[in-house]
Amino acid sequence: MREITADHLPDLARGAAVLGTGGGGDPFVGRLLAEQALKRNGPVTLLDLDEIDDGAFIVPTAFMGAPTVMLEKLPSGDEIIGAMRALEELLGRKATHTVSIEAGGLNSMSPFVAAAEAGVPLIDADGMGRAFPELQMLLPTLGDVQASPMALADERGNSVTLRTDGNAWAERLARAATVEMGCSAAVSLYALTGRQAKDHLVPGTLTLCERVGRAIREAREGHADPVTAASGVLGGRTVFTGKISDVQRTTTGGFARGTARLTGLDADTGSALELSFQNENLVATRDGEVVVSVPDLICVLDTDSGEPVTTETLRYGLRVSVLGVPCDPRWRTPEGLELAGPGYFGYAHEYVPFRGAEV
Amino acid sequence: MLRLGIDVGGTNTDAVLIDGDRVLGAVKASTTADVTGGIVTALGDLRQATGFDPAAVQAVMIGTTHFINALVEGERLAQTAAIRFGLPATRALPPLVDWPDRLVTAIGGHSHLCHGGHEYDGSPIADFDEAEFRAVLDRAVAAGATSFALSSVFSPVNAEFETRAAEIIAEQLPGAPVSLSHEIGRMGLLGRENATVVNAALRGLADQVATGLLRTVAEAGINAPVFLSQNDGTLMDVDYARRYPVATFASGPTNSMRGAAFLSRLPSCAVVDIGGTTSDVGILQQGFPREASTDVNVAGVQTNFRMPDVLSIGIGGGSHVLHQASGTAVGPASVGYRLAQEALVFGGTRLTATDVAVAGGRAEVGDVSLVAHLDKSVVDAALRFVDDRLAEVVDRMRASAEPVPVVAVGGGSILVPEDLAGASRVVRPDHFAVANAIGAAIAQVGGEVDRVYSVVPQQRDTVLDEARQEAVDRAVAAGARPGSVEIVDIEEVPLAYLPGNATRIRVKAVGELSLGGPRA
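Residues numbered from 1 in each chain as written. Chains lettered and ligands numbered in written order. Predicted model: local features only at pLDDT ≥ 70, side-chain atom pairs only at ≥ 80, totals over all residues. Heavy atoms only, no water.

The name given to chain B in an unreviewed UniProt entry is Hydantoinase/oxoprolinase family protein, and the organism recorded there is Streptomyces rubrogriseus.

S.K.: Explain the overall build of chain A to me, please; I cannot follow it from the model alone.
M.R.: Each helix and strand counted, chain A has eleven helices and 18 strands in total. For 359 residues, the compact-globule estimate of 2.2 N^0.38 gives 21 Å, and the C-alpha radius of gyration of chain A, at 19 Å, lies within 12% of that figure. Oriented by its inertia axes, the alpha-carbon framework of chain A measures out at about 60 × 45 × 40 Å. Considering only intrachain contacts with a sequence separation of at least 6, the fraction spanning at least 24 residues in chain A is 72%. Per element, the accessible surface of chain A, about 12400 Å² overall, is 50% carbon and sulfur. Once the 31 positive and 48 negative side-chain charges of chain A are each reduced to a mean point, those two points are 2 Å apart. (Helix = DSSP H or I, 4+ residues; strand = E, 2+ residues; numbered from the N terminus. Rg over C-alpha atoms; globule rule 2.2 N^0.38 Å. Contact = heavy atoms within 4.5 Å. Areas by Shrake-Rupley, 256 points an atom, 1.4 Å probe, with all protein chains shown as cover. Lys, Arg positive; Asp, Glu negative; His and termini not counted. Charge placed at Lys NZ, Arg CZ, Asp CG, Glu CD.)

S.K.: Looking at this structure, I do not really get the interface of chain A and chain B. What am I missing?
M.R.: Accessible area lost upon the coming together of the parts is a frequently used measure of interface size. Each partner contributes residues to the interface: chain A has 45 residues there, and chain B has 49 residues. For the pairing of chain A and chain B, the buried interface totals around 4100 Å² over both sides, and the portion due to carbon and sulfur atoms is 55%. Our enumeration of links across chain A and chain B arrives at six salt bridges. One salt bridge in this structure joins B:Glu119 and A:Arg156, with 2.9 Å as the shortest N-O distance. Counting across the chain A and chain B interface gives 18 residue pairs in polar contact (both at pLDDT 80 or more). Residue assignment for the side of chain A that touches chain B shows that the elements contributing at least two residues are helix 2 (27–41), helix 3 (67–72), helix 7 (167–180) and strand 12 (237–252) of chain A. (Buried area = accessible area lost by both parts, 1.4 Å probe. Salt bridge = Lys/Arg side-chain N within 4 Å of Asp/Glu carboxyl O. Polar contact = N/O pair within 3.5 Å; in protein donor to acceptor, adjacent residues only side chain to side chain.)

S.K.: So what exactly am I meant to see when it comes to unusual backbone geometry here?
M.R.: For residues besides glycine, phi is generally negative; the peptide bonds are generally trans as well. Omega for the peptide link from A:Val294 to A:Pro295 comes to 10 degrees, which places this bond in the cis form. For A:Pro295, the position within the fold is in the loop between strand 16 (289–293) and strand 17 (297–302). In this structure, the amide linkage connecting B:Gly331 to the following residue, B:Pro332, adopts the cis form with an omega of 0 degrees. Its identity is not glycine, yet B:Val35 carries a phi of approximately 70 degrees, on the positive side. Non-glycine residue B:Leu96 carries a positive phi angle of around 70 degrees. Locating B:Leu96 in the fold gives a position in the loop between strand 5 (80–87) and helix 3 (101–106). With a relative accessible area of 8%, B:Leu96 lands in the buried category. (Buried < 20%, exposed > 50% of the residue type's maximum accessible area, 1.4 Å probe, protein only.)

S.K.: Teacher, can you tell me more about the environment of A:Glu289 here?
M.R.: When you line up the elements, A:Glu289 lands in strand 16. The spatial distance from the C-alpha of A:Glu289 to the C-alpha of A:Glu274 is 9.6 Å, given a sequence separation of 15 residues.

S.K.: Would you mind going over the domain arrangement of chain B with me for this structure?
M.R.: Structurally, chain B comprises domain 1 (1–47), domain 2 (73–201), domain 3 (313–438) and domain 4 (443–513). Each of domain 1 of chain B and domain 2 of chain B has a C-alpha centre, and the two are 38 Å apart. (Domains from an automatic or database assignment.)

S.K.: Whenever I open this one, the packing of helix 2 (residues 66–73) of chain B against helix 7 (residues 203–219) of chain B confuses me. Can you help?
M.R.: When two helices pack together, their arrangement is captured by the angle between the axes and the distance separating the axes. All names here are of chain B. Relative orientation of the contacting elements helix 2 and helix 7 amounts to 145 degrees, with a least axis distance of 10 Å. In this structure, helix 2 crosses over helix 7, and the sense of that crossing is right-handed. Taken together, the residues of helix 7 that come into contact with helix 2 (itself represented by His66, Phe67 and Ala70) are Leu205, Ala206 and Val209. The class makeup of the residues in the contact of helix 2 with helix 7 is five nonpolar, one polar and no charged. (Axes fitted to C-alpha atoms, helices over the stretch in contact; angles between N-to-C directions. Left-handed = near helix turned anticlockwise from the far one by under 90°. Nonpolar A, V, L, I, M, F, W, Y, C, P; charged D, E, K, R; others polar.)

S.K.: Got a minute to help me understand helix 9 (residues 251–264) of chain B in this structure?
M.R.: Residue pairs spaced three or four apart in an α-helix point in one direction, given the helix's 3.6 residues per turn. Residues and elements named next belong to chain B. In this model helix 9 runs 19 Å from its N-terminal to its C-terminal C-alpha over 14 residues, within 8% of the 20 Å that 1.5 Å per residue would give. With 14 of its 14 residues buried, helix 9 lies for the most part within the structure. Looking one or two residues beyond helix 9, the residue adopting positive phi is Arg265, at roughly 55 degrees. (Expected span 1.5 Å × (residues − 1).)

S.K.: Any chance you could explain the packing of aromatic side chains here in plain terms?
M.R.: To describe a pair of aromatic rings, you give the distance between the ring centres and the angle between the ring planes. Tallied over the full model, the rule gives ten aromatic pairs over all chains. With a centroid separation of 5.5 Å and an interplanar angle of 85 degrees, the aromatic rings of A:Tyr344 and A:Phe345 are classed as edge-to-face. Seen in terms of ring centroids, B:Phe128 and B:Phe133 are 6.2 Å apart; in terms of plane orientation they differ by 50 degrees. Their pairing is tilted. For B:Phe128, a relative accessible area of 14% puts it in the buried group. Taken together, the aromatic side chains of A:Phe132, A:Trp331, A:Tyr344 and A:Phe345 make up a single cluster linked through ring pairs. Positioned over the ring face of A:Trp169 is A:Arg172, at 4.2 Å from the centre of the ring. (Phe/Tyr/Trp six-rings, centres within 6.5 Å; stacked < 30°, edge-to-face > 60°. Lys NZ or Arg CZ within 6 Å of the ring centre and 35° of its normal.)

S.K.: What's the story with the sheet that holds strand 3 (residues 22–30) of chain B in this structure? I'm lost.
M.R.: Sheet strands associate in pairs through backbone hydrogen bonding, adopting either a parallel or an antiparallel arrangement. Residues and elements named next belong to chain B. Within the open sheet, the six strands sit side by side as 3-2-1-4-9-10. Their pairing is mixed. Of all strands in the sheet, those with a lone pairing partner are strand 3 and strand 10 (235–237), marking the two edges. For this sheet, the mean angle separating the axes of adjacent strands, direction not counted, is 25 degrees. One ladder, built from eight bridges, connects strand 2 (residues 12–19) with strand 3; its direction is antiparallel. Note that in strand 3 the partner of Thr13 across the bridge is Ala29. Sheet contacts for helix 9: strand 1 (2–8), strand 3, strand 4 (59–64) and strand 9 (226–229); angle to strand 4, the most-contacted strand, approximately 125 degrees. (Pairing = 2+ DSSP bridges.)

S.K.: Is there a simple way to think about the sheet that holds strand 7 (residues 147–152) of chain B in this case?
M.R.: Residue and element names in this part refer to chain B. Taken in spatial order, the four strands of this open sheet run 6-5-7-8, and their pairing is parallel. If you trace the sheet from one side to the other, it starts and ends with strand 6 (110–115) and strand 8 (178–180), each paired once. Ignoring strand direction, the axes of neighbouring strands in this sheet form an average angle of 20 degrees. With three bridges joining them, strand 7 and strand 8 adopt parallel strand pairing.

S.K.: Is there a simple way to think about helix 5 (residues 160–172) of chain B in this case?
M.R.: All names here are of chain B. Taking 1.5 Å per residue as the helical rise, helix 5 with its 13 residues ought to reach 18 Å, and the 18 Å between its terminal C-alpha atoms agrees with that figure. Listed in full, the buried residues belonging to helix 5 are Phe161, Glu162, Ala165, Ala166, Ile168 and Ile169. The arc that holds every buried residue of helix 5, seen down its axis, measures 160 degrees, which confines them to one face. In helix 5, the exposed positions that point more than 90 degrees away from the buried face belong to Glu167 and Glu171. (Arc of directions from axis to C-beta.)

S.K.: Explain the nonpolar core here, please?
M.R.: Soluble globular proteins tend to bury their nonpolar side chains together. Among the nonpolar cores identified, the biggest contains 110 residues, and A:Leu9, A:Phe112, A:Met150 and A:Leu152 are the most heavily contacted of them. In this structure A:Leu152 touches A:Ala83, A:Asn158, A:Ser159, A:Val160, A:Leu162, A:Ala174, A:Ala177, A:Thr178, A:Met181, A:Ala185, A:Ala186 and A:Val187, once residues within four positions along its chain are discounted. B:Leu4, B:Val35, B:Ala106 and B:Ala149 belong to the second-largest nonpolar core, a separate cluster that totals 60 residues. (Core = buried A, V, L, I, M, F, W, Y, C linked by side-chain atoms within 4.5 Å.)

S.K.: Which parts of the structure should I look at to understand the side chain of B:Thr234?
M.R.: Residue and element names in this part refer to chain B. Mapped onto the elements, Thr234 comes out in the loop between strand 9 and strand 10. Its relative accessible area of 2% is what places Thr234 among the buried residues. Only 2.7 Å separates the side chain of Thr234 from the side chain of Asp232, close enough to count as a polar contact. Those residues in contact with Thr234 that lie beyond four places of it in its chain are Leu228, Ser229, Gln444, Val445, Gly446, Lys508 and Val510.

If you want it as structure tokens, here you go:
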């Protein structure tokens, strides 16, 4: 158990953006929101999963919507607590804890807002160990934890509660409601017991985010290589260093899909990498061969500064390093791959587990 | 084409006379607090050195760090009201939310929220509430605001709220400066709004400086058009600079990099530009500065207008040398523009970086005998400190482990050693001390398209071609010589969830200033 203050947030947010694998929303806005909430309400208590009673009633919250929109239409500040209260009302029970559903930029920060505003402890864990674009893509889904009943709330005070036939429907209906709410809304879902949390969440995610963020900062301050530092903490490996030579994007089915082409530099001179993304980075193909693929993590960092680069800021001329990081082993099971493997995202290739650094 | 390039830095004002690709003369004068005094001196000296006929000058290009310095110092800023249209959204993070307290105080800290702005699909978040806005305006004016920064959610897509509010201000307070976020920054409300507030806070100063510059040039007998250089290395006319002072913010580093490329004929290199108080390091790719990939923090404020990627450290020719038990350090305190009075080699009493460079045999400036008494171990330690810090910065900026050529420019570049760690070689071109002014003089004319297009995937190439052509046409219309215009940057960002694959496309074209063009 420890206390998190606004001073911890910059490292945490940077690391979360790395684990966000290019998606998860803007860490800057997320950090500011959390900072304001912590300044208003005081520090948030962070608990390990094994510090929670099995009977705890945990209500996670998150922001849902288009990252570009959330950078423009900033929150009013009432959305998160609005969604949480709406779900509590429906279930007739107050949350004892809250937790992050994904380790993404914005959604790794929004639980701090929820914890600070609701005055409940935050659990050091998340539902993915990374960021994914759809809200059924959580490890709890594999353990038959239901996303619904769930609630959505917007800045106007509108709220919607949903009971759905499975978590895929939760995604579809919540997405439709979010679009009506102006493409950004807060969502409260996957209410779970302490027992379920221990069984189905990824432990220690927030601490990992903080360690990654700190490693990047300290490497920069100590004039060491921040990419290597981040990779070391994550147990990953640099698969490519290059320059972005083209970015193509289209919007299909509500998601920004696209590809970026990278021309190799240094040891990778003469090679090319193609990065396919749908909000998050999904597949890295080197000279025609898949080298890292979802559900493993593909993290793109600015080669010089180690700053995480989101798929929305991929841009011609940027010098980046691409890291592969092994995902939580539960994603590598047949059920995990069915939920969030290459096939689900429409890729024909077989999933080959990415091997991290040789230990 | 005879051009005058002038760079007004914090310490020195440099002036060069260029004819085509030839540098006819270059001089350096001290910058004065009023900006124009240094220019008058520099022009007088340049005339004496080259005997140029003022009437024959065809263009005057000025780069100035004046506006960014005013912001950094928090001085001479207008009392500025930041008014945002976005309620009921955006309330959690009001205008000025992440600003340093010092700057909020300096601009009067007026932050206001009104209903309005747009959703992603163009529908209003709330209707324009004229009574609410007029009440906010009254409050801002009563609190002392004299300059107004207006922002609105999704204004790059629909600027209606900003323009309507600007009309009301124009009617209520004729002539009051109003800065609109959609004209200044990109998508991303906070970064765009912050840039707009900074711009608004500098409007009064920009007006004074622009008027001063025009008068000074005219009094020197020059009747050629006057341009200011922008962050990206292209030119703007003086009236544009009055309205958009932020566009000059990074012109100093940009000009020195462009000047370094011109002088060294190295289109790809690292440029180390050392002035009186700082060293700025940037990377040139194909002759243009590499741009920062993320929002840029200016004086503690997060902004999203385009800036070159530059890393600065507090080591310059005027940096104090401190020798203490804990070790020898150079900077960040500096004698600044008083170098010529305070440094030992010029008969002063302050031990500066320039003094140790002279004592260490790196340069011959001033009177060497005045530093002959310095302890060799202090000199060596100070120079080693400088070398280590410079090598570190170059190392952090270069894109690979591969050593890069380093071009050393600026008056303080005498500090750069011949043998710099990580540099494949150190190039010190002729006229290195006035690279800034040369960069200003060779600045080009730009044209830009920044719009939301509907991009059907099969027609991407057609749409991009259209945007490219329009950017080229605009550069030509702005005074670029047809045939010299090239596309230097393309950015495509789809606005997720918008119907019809709406994509924001931004294309920038740059060409040579044309002799016979509309503005030249």
